[in-house]
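# Observations on the three-dimensional arrangement
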Amino acid sequence: RNQRKAVVSTQSTGIRERRRAERNKAREEELDIPMPKSVDPNSIQKFFMDQVQIGEEKLGMGDYKGAVKHFASAVLHCGQGYQLLSILQSTMPPEAYKMFMEFLPKAQARYSRQMLNKAAPKTATPAQAKAAAERVIAEEAVD
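Nothing here was measured: the structure is a model prediction, and the numbers come from that model.

### Describing the overall build of the protein
Scanning the protein for helices and strands turns up six helices and zero strands. Counted from the first residue to the last, the protein has its helices and strands arranged as α-α-α-α-α-α. Burial statistics for the protein: of 143 residues in total, 29% are counted as buried. Put simply, of all contacts in the protein between residues at least 6 apart along the chain, 57% involve residues at least 24 apart. When the accessible surface of the protein is summed, it comes to about 9,900 Å², and 54% of that surface belongs to carbon and sulfur atoms.

Here it is, written out as structure tokens:
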């Protein structure tokens, strides 16, 4: 009888761990935003325009979550982010804009982490890693 309890306990622990891992993966995927394939100015500009267009299409279909991801990606790759925010605020339905403003800081943090990982050598000090990430972000923000 005690052996059976131990087996059931082990199984339920495994199930809980698997569910926790699935929830964590889903949260990470929720923060995934499109990223450009190249960092040259023409590619970034095309990527920005594509993200705005896809965001508008998703918004028109009522897919606010999809629109938010694409608009966030556009803002992160836009030289005039504040102007774009103003335009989005005046054109998006209020509930979609609220979702967007709640999502944007999370997307910015994820983007910064990705740039940090991309730019920093594995043996860099935290200060060197931060400086390298800021250089990459500045290079990608070039209009």
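Text resumes after the structure shown.
### Digging into the pattern of salt bridges
Evaluated as defined, the whole model comprises three salt bridges. With a shortest N-O distance of 3.8 Å, K58 and D63 are connected by a salt bridge. The exposure class of D63 is partly exposed, given its relative accessible area of 29%. A salt bridge links K98 to E102; its shortest N-O distance comes to 2.8 Å. Here K98 pairs with E102, and both are found in helix α5 (residues 94-119), just four residues apart, close to one helical turn. The exposed category is assigned to K98, whose relative accessible area is 52%.

### Structural notes on the nonpolar core
Residues F71, V75, L84, L88, M92 and F100 are the most contacted members of the largest nonpolar core, which totals 24 residues. At eight residues, the largest contribution of residues to this core is made by α5. Discounting chain neighbours no more than four positions away, the residues touching M92 are L59, F71, Y97 and F100.

### What to know about the packing of aromatic side chains
Using the criterion set out here, one finds one aromatic pair in the structure. On the numbers, 5.9 Å between centres and 40 degrees between planes, the contact of Y97 with F100 is tilted. Note that Y97 and F100 are positioned in helix α5 at a spacing of three residues, about one turn of the helix. Considered together, Y97 and F100 belong to a single accessibility category, that of buried residues.

### Digging into the packing of helix α3 (residues 64-76) against helix α4 (residues 81-91)
With their axes 9 Å apart at the nearest point, α3 and α4 run at an angle of 150 degrees to one another. Judged on the interaxial angle alone, α4 and α3 are roughly antiparallel. The residues of α4 that touch α3, namely those facing F71, A74 and V75, are G81, L84, L85 and L88. A per-class count over the contact of α3 with α4 returns six nonpolar, one polar and no charged.

The rules we used
- Residues numbered from 1 in each chain as written.
- Predicted model: local features only at pLDDT ≥ 70, side-chain atom pairs only at ≥ 80, totals over all residues.
- Heavy atoms only, no water.
- Helix = DSSP H or I, 4+ residues; strand = E, 2+ residues; numbered from the N terminus.
- Buried < 20%, exposed > 50% of the residue type's maximum accessible area, 1.4 Å probe, protein only.
- Contact = heavy atoms within 4.5 Å.
- Areas by Shrake-Rupley, 256 points an atom, 1.4 Å probe, with all protein chains shown as cover.
- Salt bridge = Lys/Arg side-chain N within 4 Å of Asp/Glu carboxyl O.
- Core = buried A, V, L, I, M, F, W, Y, C linked by side-chain atoms within 4.5 Å.
- Phe/Tyr/Trp six-rings, centres within 6.5 Å; stacked < 30°, edge-to-face > 60°.
- Axes fitted to C-alpha atoms, helices over the stretch in contact; angles between N-to-C directions.
- Parallel < 35°, antiparallel > 145°, perpendicular 65-115°, else oblique.
- Nonpolar A, V, L, I, M, F, W, Y, C, P; charged D, E, K, R; others polar.

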